[in-house]
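Working through the structure, step by step
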Amino acid sequence: MNGGNVANQRSTVVQPCARCGARWAVQGKPLHWCPRCHGVLLSPAAVDAPPARRNYRWVARPPGRKTQPAQPVRQPVAAQTPHYTQIPRWGLQDRVSEAATTTPVGRLEALAARVPRLLLTTAVVFGLAALAELGRYGILLRNRTRLIPPWQLWVSDGAVTVSAIAAALVALLTAVALVGWLVQVRRTAYAGVRRTDPRHPAELFLGSLIPGVNLLWPGVFLTETIRAGELEPRLLRVVRIWWAGWILNGVLVVAVTLYRFAASLQVRADGVLVSMWADLVAAGVAVLTLWLVRAFAGLDLRGNPHTVKRWLPATTPAVPVIAPVRPAAERASGSAGRAPLDAVGNDEATAPNPATANAAADGAPESKHEEVLAK
């Protein structure tokens, strides 16, 4: 064969060299290595074969560029067993985040840290307001048949007025603290996924404190926090339960407001009863909010950590509690083995032989007694 010159060859099938570009005519069995430079020979193809029928393609190189010689393959050196001259310090470390150790610096942060106490205070104050409304409704019922002393009316009016004002002030203070808590929770959740909260704190305050609007947006803010921060999915159920109670509380507040403008005495008396139920629902919503806040912290309503239940598949066979029944003849012969599994529960397989039973009854009364117990 003549490298690079195939004009005088009979075969029209050639093998190009991938290194030097020489084309070698195929005479029988195809070659693998170039006789000139020991490069790899490409697949056999016709001399005038179009590019679509080739198993290779030519790459144009700039003139004067030299191909890099093949570098010898280096044998990997056996690595020694790694050892350390001292205790390595690159292991896993349980570091407490700086955000958890820093103390609140602003008034809003300090107020947000007292959210559980404020919620408990709110629930107690609304409970007292409900008792005051119930006392006024009792005085109205008694006044239908008897006159009420003036001092009882003064005490009732004072209790209702003071409890209503105290409940409104405590509720407003708790709402501001909850918005501060919401800002911190969203900031922490988004920082856990290396993102920034897209909502400005002013937007959170306006959506949570404006009457009417605050029936919708607090639930939206909490749902965004759970989904964007990749928190536990069970928190969505907690948010939905709290959201339903919050909307019910808003509906009762609107109903109480409408009852205040009634002209009929009977309707106003009914409004006192509605006010009592509204105060009870407000106290329940305060407890639900406390449950929500502690659920985001991984605690239950009492403030204790949640006990995680893990269900694992059983890998070992079940151990029978009751031993399988054995025939009386087998026990009489002194065998300590158990009956086979296919005989357990089978009366025909476990029933004793009549001949053996008669012999045992004639010779040994104790065996007969054991037979009766076995049956």
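As a starting point, this report considers the structure included with it. The model shown is predicted, which means the values in this text are computed figures rather than measured ones.

**Section: the layout of surface pockets**
Computed from the structure, the largest pocket encloses a volume of approximately 1,300 Å³. Forming the walls of the largest pocket are 44 residues, and the residues nearest its centre are Phe126, Ala171, Trp246, Asn249 and Val253. At the level of elements, α3 (115-142), α4 (150-192), α5 (201-209), α6 (217-228), α7 (234-260) and α8 (265-296) are the ones that each hand at least two residues to the lining of the largest pocket. Per-element tally for the lining of the largest pocket: the top contributor is α4, with 13 residues.

**Here we look at the packing of α4 against α6**
When two helices pack together, their arrangement is captured by the angle between the axes and the distance separating the axes. Packing of α4 against α6 leaves a shortest axis separation of 9 Å and a crossing angle of 20 degrees. Classified by the angle their axes make, α4 and α6 are roughly parallel. Where α4 crosses over α6, the two elements pack in a sense that is left-handed. On α6, the residues touching Trp181, Leu182, Val185, Arg186, Ala189 and Tyr190 of α4 are Phe221, Leu222, Glu224, Thr225 and Ala228. In terms of residue class, the contact of α4 with α6 is made up of 8 nonpolar, 1 polar and 2 charged.

**A closer look at the state of the cysteines**
Summed over all chains, the structure comprises 0 disulfides. Lacking any disulfide linkage, Cys20 is separated from the closest cysteine sulfur, that of Cys37, by 3.5 Å.

**Focus: the nonpolar core**
Val115, Trp181, Leu222, Leu292 and Phe296 are the most contacted members of the largest nonpolar core, which totals 26 residues. Elements with a contribution of two residues or more to this core: α2 (107-112), α3, α4, α6, α7 and α8. Apart from residues lying up to four places away in sequence, Leu292 is in contact with Leu222, Val238, Val239 and Trp242.

What counts, and at which threshold
Residues numbered from 1 in each chain as written. Predicted model: local features only at pLDDT ≥ 70, side-chain atom pairs only at ≥ 80, totals over all residues. Heavy atoms only, no water. 1 Å grid on protein atoms, 1.4 Å probe; cavity = no way out; pocket = protein on both sides within 12 Å on 5 of 7 lines; lining within 4 Å. Points joined across faces, edges and corners; volume = space filled by probe spheres on them. Helix = DSSP H or I, 4+ residues; strand = E, 2+ residues; numbered from the N terminus. Axes fitted to C-alpha atoms, helices over the stretch in contact; angles between N-to-C directions. Parallel < 35°, antiparallel > 145°, perpendicular 65-115°, else oblique. Left-handed = near helix turned anticlockwise from the far one by under 90°. Contact = heavy atoms within 4.5 Å. Nonpolar A, V, L, I, M, F, W, Y, C, P; charged D, E, K, R; others polar. Disulfide = S-S within 2.5 Å. Core = buried A, V, L, I, M, F, W, Y, C linked by side-chain atoms within 4.5 Å. Buried < 20%, exposed > 50% of the residue type's maximum accessible area, 1.4 Å probe, protein only.

The analysis is restricted to geometry; functional conclusions fall outside its scope.
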